Amino acid sequence: MRNMIETMVRREPWEVGARVVELELGSVEQLLRVRSLAISASADATNFHPANAAGTFAYHYGTFGLRKEYVGKVWRLDRPDGVEVIVHEALKIRVIFANVDVACDDQIKPKPRSRKGAGAERVCIGNLFGSLLEYAPQPPDGWRTFYLMVDERGAAELTRPVVERSTFTAYIERNYLSDGTDLDRGPVRLRDDDVADDFDPEVVRK
Amino acid sequence: MFNHKRLSLARKRRRLTGKVLAEISDISAITISRLENNENQPDDETITKLARALGYPLEFFFEDDPEEIDTSAVSFRSLTKMSAKERDAAIAAGALGLQLSSWLDREFRLPSANIIDLSYETNPEIAARSLRQFWHLGEKPIGNILGLLEVNGIRVFSLAENTASVDAFSFWRDERPFIFLNNYKTAEHSIYDSVHEVGHLTMHRHAGSQPSRAAEREANQFASAFLMPENDVRARMPRFITVNTIIEARTRWRVSAMAMAYRLHTLSLLSEWQYKSACIELGRRGFRSGEPGGVAREASRIWQKVLSQLWAERRTKNDIAAALHIPLDELEGLIWGLAGTPSTRPERTRAFVRAV
């Protein structure tokens, strides 16, 4: 039934920027700082860490970054049903950090890299809508929940999904923040042929 | 004639108080005090007891006055952490180093000092760039700092001090710059320390009084800028820097991961928060107490050449020590970690250690 929901996709920087301002989330750059923090933390995982460390680090620091960037006068920290969010009381908006498989791709619907629990389902519409056909549904309590979705490449989108059966089943709106190319995650440009190391002091026997 | 200054020097090198030396040499503390103050001349038995207790050859005590180092002109690192005993021992090592340096000058012709006076320069970044320019290094990373210093006439000796609170010190003597390095630290630490001392030698040559914290900060900034030139770092680092990037990058500039992170922070390539996080993560991975996967220790070309020349003449380090009238362990200490990398550090002569 969720397939009946028509998704509003904003791809152009000017429209995404305007939407971010409308949601009182500052700027796209501010959201991308949270993304960078999460990606940076995920890169701290080594072979010695547990296999899921990269994702765990990204989630921890993504959530931390979201709160560090926004919690203050307007946004506050909350944990409804154990879901780690920031909330905007006046606009009735919640934002959650999530690792996803692929972000900012029209052909692929982003899926969370970990199962979403009942709490997430409750704050993201989920079963509250039953089988009603909805276009851009309004939740009964008036709260809207957005996810800052970040994939491994650093692509990020601010998306309002529907959570059912532990995953995202539909998308009310998707705002493309970055395809990850701005990260410049290339290797350090090392070259050995331009090192100054030819020093041979003259030592002469008297 | 017995030289009381040499008795003080040997006692300080062994880190002994007069009282402890009295106990282990079986001589009264009053006698030792009078000898060090040149109020008495010792008899042969007393000299023998002192020499045995200190592990120094008898001849050492009959040489001319040791070259004294003006402690106010010495640039020490970690001033606050160093005890008076450690400081005295390090300064005394400096005196022995000068003796060894004079021997080198008598036996070999070595590069003369080639370092500019940058005491007028208040900006360490510019000072570092000026010295690089003077030495024709451009923006290249330096693959062998010890070789660079030796080619430019800076005498580098090792400090046989197995203590974390002594890093290095430097001074000028007769127009020649000297650096004493604690080589018991990581290779990256020694590289950074030696350039820190070059900072003092070139920027604070006429500072005169005791080095201040500001001077230490300047020398650190100098070392950072000299080892990691801004343009080269900017050109080679990706925009997105992780802890793994830092660990990879440090090998190009032969610095510690912590020093690399600090440089990236000062160049605004890492934000304050990223820098703090990187330091925490590096600490977790053991980069605060060591340098996992670090570079190989640099070896002194001068000492390699000197020792191989002596070897060809069938002479060894024992002969150098005998010529200088110093114990072999002191000679080994002064060149330890410079003349190749021995597997263990030189053992101090233990004759003076016994239960009391």
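Residues numbered from 1 in each chain as written. Chains lettered and ligands numbered in written order. Predicted model: local features only at pLDDT ≥ 70, side-chain atom pairs only at ≥ 80, totals over all residues. Heavy atoms only, no water.

With respect to the layout of surface pockets
Line of reasoning, step 1. Approximately 470 Å³ is the volume attributed to the second largest pocket.
Line of reasoning, step 2. Considering the residues around the second largest pocket, the lining is formed by 21 residues, among which Arg-33, Ser-36 and Leu-37 of chain A together with Ser-271 and Gln-274 of chain B are closest to the centre.
Line of reasoning, step 3. A breakdown of the residues in the lining of the second largest pocket according to their chemical character gives 9 nonpolar, 6 polar and 6 charged. (1 Å grid on protein atoms, 1.4 Å probe; cavity = no way out; pocket = protein on both sides within 12 Å on 5 of 7 lines; lining within 4 Å. Points joined across faces, edges and corners; volume = space filled by probe spheres on them. Nonpolar A, V, L, I, M, F, W, Y, C, P; charged D, E, K, R; others polar.)

Observations concerning empty space enclosed by the protein
Residues and elements named next belong to chain B.
Line of reasoning, step 1. Taken as a whole and assessed by the stated rule, the structure comprises 4 cavities of 30 Å³ or more.
Line of reasoning, step 2. Taken together, the elements giving at least two residues each to the lining of the largest cavity come down to helix H7 (145-151) and helix H8 (187-203).
Line of reasoning, step 3. At 4 residues, the largest contribution of residues to the lining of the largest cavity is made by H8.
Line of reasoning, step 4. Of the residues assigned to the lining of the largest cavity, the class counts are 5 nonpolar, 4 polar and 2 charged.
Line of reasoning, step 5. Each pocket or cavity is described by its volume, and for the second largest cavity that value is around 50 Å³. (Helix = DSSP H or I, 4+ residues; strand = E, 2+ residues; numbered from the N terminus.)

Topic: the pattern of salt bridges
Line of reasoning, step 1. Considering all chains together, one arrives at 41 salt bridges over all chains under this definition.
Line of reasoning, step 2. Ionic pairing is found between Asp-78 of chain A and Arg-76 of chain A, a salt bridge with its closest N-O pair at 3.9 Å.
Line of reasoning, step 3. For Arg-76 of chain A, a relative accessible area of 33% gives the class partly exposed.
Line of reasoning, step 4. Between Glu-230 of chain B and Arg-234 of chain B there is a salt bridge whose closest N-O contact spans 2.9 Å. One end of the pair, Glu-230 of chain B, and the other, Arg-234 of chain B, are both in helix H10 (residues 230-236), 4 residues apart, so they sit about a helical turn from each other.
Line of reasoning, step 5. In this structure Glu-230 of chain B comes out as partly exposed when scored by relative accessible area, which is 24%.
Line of reasoning, step 6. Classification of Arg-234 of chain B by relative accessible area gives partly exposed; the value is 38%.
Line of reasoning, step 7. A cluster of three or more residues bridged by salt bridges with shared partners is formed by Arg-10, Arg-19, Glu-22 and Glu-173 of chain A. (Salt bridge = Lys/Arg side-chain N within 4 Å of Asp/Glu carboxyl O. Buried < 20%, exposed > 50% of the residue type's maximum accessible area, 1.4 Å probe, protein only.)

Thoughts on the interface of chain A and chain B
Line of reasoning, step 1. Taken together, the contact pairs 34 residues of chain A with 43 residues of chain B.
Line of reasoning, step 2. For the pair chain A and chain B, the summed buried surface comes to about 3400 Å²; carbon and sulfur atoms form 56% of the total.
Line of reasoning, step 3. Its largest share of buried area at the contact with chain B, chain A owes to Val-188, Phe-199 and Arg-205 of chain A, together 22% of the area lost on that side.
Line of reasoning, step 4. Ionic pairing is found between Arg-301 of chain B and Asp-200 of chain A, a salt bridge with its closest N-O pair at 3.4 Å.
Line of reasoning, step 5. Run the count over chain A and chain B and you get 13 residue pairs in polar contact (both at pLDDT 80 or more).
Line of reasoning, step 6. When residues of the side of chain A that touches chain B are traced back to their parent elements, those giving at least two are helix H2 (28-42), helix H3 (53-70) and strand E8 (204-205) of chain A.
Line of reasoning, step 7. As paired elements, E8 of chain A and strand E2 (residues 108-109) of chain B share 2 bridges and run antiparallel to each other. Its bridge partner lying in E2 of chain B, Val-204 of chain A is registered against Arg-109 of chain B. (Contact = heavy atoms within 4.5 Å. Buried area = accessible area lost by both parts, 1.4 Å probe. Polar contact = N/O pair within 3.5 Å; in protein donor to acceptor, adjacent residues only side chain to side chain. Pairing = 2+ DSSP bridges.)

Concerning the sheet that holds strand E6 (residues 156-164) of chain A
Residue and element names in this part refer to chain A.
Line of reasoning, step 1. Judged by pairing direction, the sheet is mixed, and its 7 strands sit side by side in the order E1-E7-E6-E5-E4-E3-E2 without closing on themselves. Where the open sheet ends on each side, the last strands, each with one partner, are strand E1 (8-10) and strand E2 (75-78). Between one strand axis and the next, the sheet turns by 30 degrees as a mean value, whatever way the strands run.
Line of reasoning, step 2. As paired elements, E6 and strand E7 (residues 167-178) share 9 bridges and run antiparallel to each other. Within the sheet, the bridge partner assigned to Val-163 lies in E7 and is Phe-168.
Line of reasoning, step 3. Strands in contact with H2 are strand E4 (93-99), strand E5 (144-150), E6 and E7; relative to E7, the strand with the most contacts, it is inclined by about 110 degrees. (Axes fitted to C-alpha atoms, helices over the stretch in contact; angles between N-to-C directions.)

Here's the deal with the side chain of Arg-174 of chain A
Residue and element names in this part refer to chain A.
Line of reasoning, step 1. Within the secondary structure, Arg-174 is located in strand E7.
Line of reasoning, step 2. Classification of Arg-174 by relative accessible area gives buried; the value is 2%.
Line of reasoning, step 3. Other than its neighbours up to four places away in sequence, Arg-174 contacts Thr-7, Met-8, Val-9, Arg-10, Cys-104, Asp-105, Ile-108, Lys-109, Pro-110, Glu-157, Leu-158 and Thr-159.

Some details on the confidence of the model for chain B
All names here are of chain B.
Line of reasoning, step 1. Taken residue by residue, chain B gives an average pLDDT of 87. The fraction at 70 or more is 89%.
Line of reasoning, step 2. Taken element by element, chain B is modelled with least confidence in strand E1 (residues 75-76), mean pLDDT 62, and with most confidence in helix H12 (residues 257-266), mean pLDDT 97.
Line of reasoning, step 3. Ignoring residues within four places in sequence, the model shows residues 348-356, a span with pLDDT below 50, making 22 contacts including any to other chains.
Line of reasoning, step 4. This complex was scored by the predictor with a pTM of 0.81 and an ipTM of 0.81. (pLDDT = per-residue confidence, 0-100.)

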